[in-house]
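Observations on the model geometry
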Amino acid sequence: MRGAYYQIKKDLQGALTLKSFAGFGSVNNPFVGVFDGNGKTIIIENAGSGFINISYGSVVRNLTIQYTGTKTLTDTRQGTTKEEKDRISDNSKEVYADSYFGGIIGTIMGGDSLIDGVTVIMNGFTITPSYCLQCAGGFVGLIQGGGVVFRNMSSQSGYTGTNSTYYVDKYIGRVLD
């Protein structure tokens, strides 16, 4: 996925619906490339950690993403007690992909990312964290390194639900670096 360029070219009748979409990129193979939605809409049911799970510098542009249903963030950290899990995760740079959610990018590990002309619709979509340090944002869940530039954004975009923990926000859940 390094250096990939994707563009939706097909003339869609309505929206493209993805059920149980896990997202692009992983911890071992982060997405590094460009996704051009070409003005199309994608509806995602049963979301993974985001349209792009893990990014190391990517561009997403000209796209509308609509989420439906509920996203429950799971606690996949090491340790047996809550205190041990909190201590390990606070002192570790390890990424637990199921613990973060972003409407466009779950986690930015490094590099510069650009989100340009993207609308995220989450009306009725609910994010349920299972512990207080989990991150969720309408566009980016966690920035662990690198940065992100937003351009040509709609003020109506992003997560519109309630913030039930420290790191749930309309735009970016949490920035570590």
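Here goes a summary of the coordinates provided. Everything numeric in this text was worked out from a predicted model, so none of it was measured.

1. Comments concerning the pattern of salt bridges
Going through the model one piece at a time under the given rule, you end up with 2 salt bridges. A salt bridge links D36 to R61, with the nearest nitrogen and oxygen atoms 3.4 Å apart. Of the two residues, D36 sits in strand β3 (residues 32–45) while R61 sits in strand β5 (residues 59–68), which places them 25 residues apart along the sequence. In this structure, D116 and R151 form a salt bridge, with 2.9 Å as the shortest nitrogen-oxygen distance. With D116 in strand β8 (residues 112–121) and R151 in strand β12 (residues 147–151), this pair connects stretches of sequence that are 35 residues apart.

2. Observations regarding the nonpolar core
I44, F51, Y67, F101 and I104 are the most contacted members of the largest nonpolar core, which has 31 residues in total. For this core, the elements supplying multiple residues, two or more each, are β3, β4 (50–55), β5, β7 (100–108), β8 and β11 (140–143). Excluding residues that lie within four positions of it along the chain, F51 makes contacts with F21, G23, F24, F35, I42, I44, L63, I65, Y67, G102, G103 and I104.

3. Topic: the environment of D36
Take D36: its relative accessible area is 6%, and that puts it in the buried class. Spatially, the C-alpha atom of D36 lies 7.0 Å from that of L63, the residues being 27 residues apart in sequence. Leaving out residues up to four positions away in the same chain, D36 has contacts with Y5, Y6, Q7, I8, R61 and N62.

4. A short note on the pairing of β11
Summarising the sheet, β7 and β11 pair through 3 bridges and their orientation is parallel. Bridged to I108 within β11 is I143.

5. A closer look at the environment of L114
With respect to the helices, strands and loops of the structure, L114 is situated in strand β8. Look at L114 and you get buried, because its relative accessible area is 18%. Spatially, the C-alpha atoms of L114 and S58 are 6.4 Å apart, while their sequence positions differ by 56 residues.

6. Section: unusual backbone geometry
The backbone of N62 shows a phi angle near 50 degrees, a positive value even though the residue is not glycine. Position of N62 among the secondary structure elements: in strand β5. Within the chain, N152 stands out as a residue other than glycine whose phi angle is a positive 55 degrees. Within the fold, N152 resides in the loop between β12 and β13 (168–169).

The rules behind each value
The numbers attached to residues start from 1 for each chain and follow its sequence in the written order. Restriction of local features to residues with pLDDT of at least 70 applies here, the model being predicted, together with a cutoff of 80 or more for giving and counting side-chain atom pairs; totals for whole chains, interfaces and linings are based on all residues. By convention in this description, side-chain values take in all heavy atoms of the structure and omit both hydrogens and water. Whenever a carboxyl oxygen of Asp or Glu lies within 4 Å of a side-chain nitrogen of Lys or Arg, that contact is scored as a salt bridge. The secondary structure listing takes helices from DSSP runs of H or I that are at least 4 residues long and strands from runs of E that are at least 2 residues long, numbered from the N terminus. The set of buried Ala, Val, Leu, Ile, Met, Phe, Trp, Tyr and Cys residues whose side-chain atoms join them within 4.5 Å is what this entry labels a nonpolar core. Under the scheme applied here, a residue whose accessible area is under 20% of the maximum for its type counts as buried, over 50% as exposed, and between as partly exposed, the area being computed with a 1.4 Å probe on protein chains only. Whether two residues are in contact is decided by their heavy atoms, any of which lying within 4.5 Å being enough. Two strands pair under a simple rule: DSSP has to find at least two bridges between them.

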